[in-house]
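# A structural walkthrough
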Amino acid sequence: MSSLGEILAQRGVVVCCGSGGVGKTTVAASMALSAAESGRRTCVVTIDPAKRLADALGLASLTNSPLLVVGDWPGELWAMMLDTKGTFDELIVDNAAESGRAEAILANRVYRNLSGALSGTQEYMASEKLYQLHEDRRFDLVVVDTPPTRNALDFIEAPRRLVRFLDNRVFKVIMTPTRAYLRAATMATRSVLRTMSKVVGAAVVDDAIDFFQAFEGMEGGFRARAAAVTELLASGETAFVLVTSPRSDAVEEALYLADRLGQSRIMVQQVVVNRVHPRFDEPDEGPPALEVTGPLAVLEANLAELRAVADREEACLAVLGQRVTRTPLVRVPILSSDVHDLQGLSEIAKWLVEPAG
Amino acid sequence: MDVASWCRQCRVLVVAGKGGVGKTTVSAAVGVMAANAGLDVLVIQLEGRGGVAALLGHPEDLSYREAALWSAVEGPGRRGRLRGRAITPDDALVDYLQTHGLGKVLYKLLSDGALEVFAMAAPGIRDVLVLGKIKQLELAGAADLIVVDAPAAGHALTFLGSAAGLADVARVGPIRAQATEVAELLGDPARCQVLLVTVPEETPVNEVVETAGRLQSKLGVTLAPVVVNGVFPTLEGLDVDPVAEAARQGARLVPGHARCLQEAATFRIGRQQLQDEQLHRLSDGLALPQLHLPQVFSAEIGHPQVVELAGALAVAVEGL
C-alpha cells in the first residue's frame, strides 16, 4: 500500500474523512500544502465554515470557486470552501431543459430547504464539486475535507440517495398524467397525503407536489452524474484517508466509517491520527530509582499521569491498526498551539509525509 | 450550592458541545451526580451508538424503551436512580401519529419515504417531533431531571432552533401547536436550560463562546454553567532539575529516566500555560460560571470513571 507521501504525489483525488473535532480540515489543508511543496498543482476543498483556514492560508475569505494561495513552493496551492446551495443551484440550472423550469425549482420551498435538510446533500455537493475540479485541467490533485461524523458515508451514498428521493413513489403517482393518476392514485396514497396535510398543513404538501412536478424529467441527468461521481470515487484515481484522534469515541467512529466504506468496496488507504500525546519512553537502563520524595515526587507523578494518557491512546489506536490498515498509522503529535498560518500547516505536513522513526 | 437544589433548578437539561469534547461523558456524569443527590433522572440520547449506556456498563444500546442504568445505594440520595432511553425522529413520529389516532397510515408513510419529503418542505419537523416528545415527558413528570445528550454544536443550534423555524412554515395544525409548545419549554428557565461543554483548547473555546451567544440571542434559552472537560490538574514545582534534585537527596537517577522526567515536566508546564490562557479566554468571552472536570488518567473511561467525574462535578457545583 502507498505511503501518504506517495498518495499525495500520485493520486488525483484525496478524500479526508473522520468524525467531528479531530482536525480534519487542518489535515486536509496540510496534505494539499505538502503536495504543492512537492510541485503539484493542488486544490483543497473545505466544508468547514470557520474562518480559521482562510486565515491560516492568508486569504481574506474562501469562496465557492478556488483562490490561489500565495506562497513560495514549486507547485500551486488553491483553496475553496464548498457552498452547498450555490453548487446545487448551478447543477439545477445546468440540468434544467428550459430556464423557466430552473427558476421554478430554485423558488420552491422544498428545494430551498433541500440543501439543509436532506441528509447527505452537503456530501453530494462536495462530491459533485470534487468531480468538477478533477475534470478541471488547472489541478493535478484535489483534496477534499468531508463533513463530520458518520455522514461522510453519504459522500458515497448521497448521489444515489438524491435519485431515490426524486423517485419517491408517493409523488410519482401524483405526477403521472391525469388519467393514469386516477387509476394509480390508490386510496392509500391519497390517505397518506390527507394525513400529512392534517399534520403539517396543506401548504407544505402543495409545495412538495410542486417540487416534484418541477423536477420531472431531470432525474436522468442527475442519475448519469451520480454514476460518474461514484465511479471516480471508487477508482484508483481516488484515495480515502481516514483522520481520527486518539480518543475512543473518535476511533469508534473511524472503525464504523472504515467498515461502511469497505462495504462500498472502498479501501481506506491511510489513517492519520491527529494530536497524539508524547510517550516519554525510556530505554531499560537498570533498576528503577529508589523511593523518591519531595520535589522529585511531583515529577514522577507527572510522568506517571502523562504515561497513562499515552497508554490509553495507544490502546485505542491498537484496534485501528488491527482492523483498518496494515500500514503504520500516520501520527501527528499534539502541538503547542493551534494552526494559525502556513508555517503551522507546513509543520503538520512534515509529520504527514515524513513519519517519525 | 447544594447539589440537589442545583439539579432541581430546571427539569430538562440539554447537554451540548462540539464533537470530541466529551458531551456524552458529561451527560452521564450529570445524570449520576443528580441520581446520587436523590433525584429520579432520565437521560435521553438522540444520536449515535454506545453513548451513555456503554459508559455506565449497560450491555445494550439504548432504545425507545427505558432502561435502568444506575441506582444510588447510600447516603442522602439513596432513592435516586438513573434511567436512559433513545429518541429518534422516526420513533417520535410513530409515537406522535399513534397518540393522534393516525397509526393506520404509518407504515405506508415511513416505507415510502414520504416523511423525508415533508421534512424537506418543513425542515424542523424531525427535530420538533423529538423535542415535542421530550416536552411531553417533562409535562408528564417522567423524571425529576431529564438530561438530553444533544447533537454536536452546530447541529444543536439547528436542533433547538427548529421550533422557531417551523413556526414560519407550518402556520396552522398540530405541528404548529407542537412547535409553539416546544418554544415555550425552551424559553422557560424553570423548565429547561442548556449546559454547554468544552475543553480548555483554542478552537473549542472559540466555538463554545460563539454557540453560547447564538443560543442566548437567537433562541432565548437560559444557559447553565459551562462545563470545561479534561482539565489537567495544576501541578506546582515542575521546574526543578531532576538530576540536581536527586543529587541533593544523595540519590542518582539513570540518565534515560532523568530525561523522561525533564521532558514530561516541560510538556506539562507548556500544557498548563496553554490551558490557563484558554480558561481566561473563556472567562473573558463568556460570562458564565465554569465547572471544571479533571482529565481522567486511567486506561479507559467506564463506569468507575464516570462515577469519579460525577463526584468531581458535585464538588464543582458545591463551589458555585
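Reading the values: rules and limits
- Residues numbered from 1 in each chain as written.
- Chains lettered and ligands numbered in written order.
- Predicted model: local features only at pLDDT ≥ 70, side-chain atom pairs only at ≥ 80, totals over all residues.
- Helix = DSSP H or I, 4+ residues; strand = E, 2+ residues; numbered from the N terminus.
- Buried ≥ 20, exposed ≤ 12 C-beta atoms within 10 Å, placed from the backbone.
- Contact = placed C-beta atoms within 7 Å.
- pLDDT = per-residue confidence, 0-100.
- Pairing = 2+ DSSP bridges.
- Core = buried A, V, L, I, M, F, W, Y, C linked by C-beta atoms within 7 Å.
- Expected span 1.5 Å × (residues − 1).

Next up on the list: the overall build of chain B. Across its full length, chain B holds 13 helices and 9 strands. For chain B, the proportion of its 320 residues judged to be buried stands at 49%. Counting only contacts in chain B whose residues sit at least 6 apart along the sequence, the fraction spanning at least 24 positions is 73%.

Helix and strand counts for chain A stand at 16 helices and 8 strands. Within chain A, buried positions represent 47% of all 357 residues. Here the contacts in chain A between residues at least 6 apart in sequence split such that 75% fall between residues at least 24 apart.

Moving on: the confidence of the model for chain B. Any segment with low pLDDT has predicted coordinates that should not be analysed in fine detail. Residues and elements named next belong to chain B. Of all residues in chain B, 87% attain a pLDDT of 70 or more, and the chain-wide mean is 87. Taken element by element, chain B is modelled with least confidence in helix α5 (residues 106-111), mean pLDDT 61, and with most confidence in strand β9 (residues 290-294), mean pLDDT 97. In the model output, the complex is listed with pTM 0.85 alongside ipTM 0.84.

Looking at chain A as a whole, the pLDDT averages 82, with 81% of positions reaching at least 70. Throughout residues 177-184 of chain A the model reports pLDDT below 50, and contacts reaching past four residues in sequence, or to other chains, amount to 5 contacts.

So, on to the sheet that holds strand β4 (residues 76-81) of chain A. All names here are of chain A. Read across the sheet, 8 strands follow the order β3-β4-β2-β5-β1-β6-β7-β8 without closing on themselves; strand pairing throughout is mixed. Edge strands, defined here as strands with exactly one partner in the open sheet, are β3 (67-68) and β8 (330-333). Note that strand β6 (residues 238-244) and strand β7 (residues 268-276) share 5 bridges and pair parallel. Looking at the pairing, Leu242 lines up with Val271 of β7.

Buried together is how nonpolar side chains tend to be arranged in soluble globular proteins. Residues B:Val15 and B:Leu313 are the most contacted members of the largest nonpolar core, which totals 91 residues. In terms of residue count, the dominant contributor to this core is helix α2 (residues 23-36) of chain B (8 residues). Look past the residues within four positions of B:Leu313 in its chain and what remains in contact with it is B:Ala29, B:Val30, B:Met33, B:Leu291 and B:Leu293. Listed in part, the 89 residues of the second largest apolar core include A:Leu82, A:Val143, A:Leu320 and A:Val353.

Residue and element names in this part refer to chain A. Here helix α16 (residues 342-353) spans 16 Å end to end across 12 residues, near enough to the 16 Å set by a 1.5 Å rise per residue. Every buried residue belonging to α16 is among Leu342, Leu345, Ile348, Ala349, Trp351, Leu352 and Val353, and all of these are buried. For α16, the secondary structure elements touched by its buried residues are α1 (4-10), α2 (24-37), α3 (52-57), β7 and β8.

The next subject is the environment of A:Lys24. Residues and elements named next belong to chain A. Assignment of secondary structure puts Lys24 in helix α2. Separated by 35 residues in the primary sequence, Lys24 and Leu59 have C-alpha atoms spaced 19 Å apart. If we skip the residues at most four places from it in the chain, Lys24 touches Cys16, Gly18, Asp145 and Val243.

Residue and element names in this part refer to chain A. Positive phi values are uncommon outside glycine, yet Arg275 reaches one of about 60°. Among the structural elements, Arg275 can be located in strand β7. Here Phe280, not a glycine, exhibits a phi torsion of approximately 55°, which is positive. Its place among the elements puts Phe280 in the loop between β7 and α15 (295-323). On the basis of neighbour counts, which here come to 18 C-beta atoms within 10 Å, the residue Phe280 falls in the partly exposed class.

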